[in-house]
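Remarks on the overall topology
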Amino acid sequence: MIAVILVGLYAVWRWPARHAVAPGDAARGATLYETLPCASCHDISRPWPGGDICPNLGNIATEAARIILQPDYHGHATDAAGYIRESIVDPNAYIVPGPSYRQADGQSVMPKTFGQSLAPAQLDDLVAFLLTRR
Ligand code: HEC
């Protein structure tokens, strides 16, 4: 009986700690999104796809979960968070079909440098923010 109570107390004590380390802070991600050049290409207020220059990101969490299940998706993501992260760090992994989303050489129009210029924690924040766009 004592052991059961102790295990229960330990679980309650550990719970906030485990949840505090959950990656990404959506509020910090929103600020990053506005201060990085993301917003100069993407429209976050309108639904996917829509954009002439870039896909709109207004419901990217829902679309990301759908895209990874499509037969023509050939990236490595297995969930919406993974897809969004992959789109930011390795835009060529899967290029969204769109009128002008590809350069003449076949590469994505999206800059390929965010994987180097952003810290892993900043990527976590951006992904957390974009996951709120459902
Ligand atoms: C120069 C314009 C440009 C900038 C700046 C840019 N992107 Fe993109 N982005 C694109 C284009 C074009 C695509 C579609 C082609 C592709 O899939 O790579 C895209 C695709 C994406 C996707 C996948 C969208 C989908 O419909 O599947 C995400 C997520 C994304 N960008 C997020 C970001 C974030 C976050 C930033 C800022 C850190 C950013 N982008 C900066 C042009 C841009």
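Below you will find a few notes about this structure.

Cut-off values and rules
Residues numbered from 1 in each chain as written. Predicted model: local features only at pLDDT ≥ 70, side-chain atom pairs only at ≥ 80, totals over all residues. Heavy atoms only, no water. Helix = DSSP H or I, 4+ residues; strand = E, 2+ residues; numbered from the N terminus. Buried < 20%, exposed > 50% of the residue type's maximum accessible area, 1.4 Å probe, protein only. Contact = heavy atoms within 4.5 Å. Areas by Shrake-Rupley, 256 points an atom, 1.4 Å probe, with all protein chains shown as cover. 1 Å grid on protein atoms, 1.4 Å probe; cavity = no way out; pocket = protein on both sides within 12 Å on 5 of 7 lines; lining within 4 Å. Points joined across faces, edges and corners; volume = space filled by probe spheres on them. Nonpolar A, V, L, I, M, F, W, Y, C, P; charged D, E, K, R; others polar. Arc of directions from axis to C-beta. Polar contact = N/O pair within 3.5 Å; in protein donor to acceptor, adjacent residues only side chain to side chain.

This part covers the overall build of the protein. Secondary structure assignment for the protein yields seven helices and zero strands. Along the protein, helices and strands appear, N-terminal first, in the series α-α-α-α-α-α-α. The buried share among the 134 residues of the protein stands at 33%. The long-range share in the protein, meaning contacts at least 24 apart out of those at least 6 apart in sequence, stands at 49%. On the protein, roughly 8,200 Å² of surface is accessible, and the fraction owed to carbon and sulfur atoms is 63%.

On to the environment of Phe 114. On the secondary structure map, Phe 114 appears in helix α6 (residues 114-117). Residue Phe 114 is classed as buried on the basis of its relative accessible area of 10%. Placed 26 residues apart in sequence, Phe 114 and Ile 88 show a C-alpha to C-alpha distance of 6.4 Å. Not counting the four nearest positions on each side in its chain, Phe 114 is found in contact with Pro 37 and Ile 88.

In this structure, the largest pocket spans a volume of roughly 540 Å³. Contributing elements (two or more residues each) for the lining of the largest pocket: α3 (38-41), α4 (60-67), α5 (80-89) and α7 (120-130). Partitioning the lining of the largest pocket into residue classes produces 26 nonpolar, four polar and no charged.

A word on helix α2 (residues 26-35). All of the buried residues along α2 are Gly 29, Leu 32 and Tyr 33. All buried residues of α2 fall inside an arc of 100 degrees around its axis, so they share one side. Residues of α2 that are exposed and angled more than 90 degrees away from the buried face: Ala 27, Glu 34 and Thr 35. Structurally, α2 contributes buried residues whose contacts are with α3 and α7. By the N-cap criterion, in which a side-chain oxygen at the helix start approaches the backbone nitrogen of a residue two or three places on, α2 is capped by Asp 25, the distance to Ala 27 being 3.1 Å.

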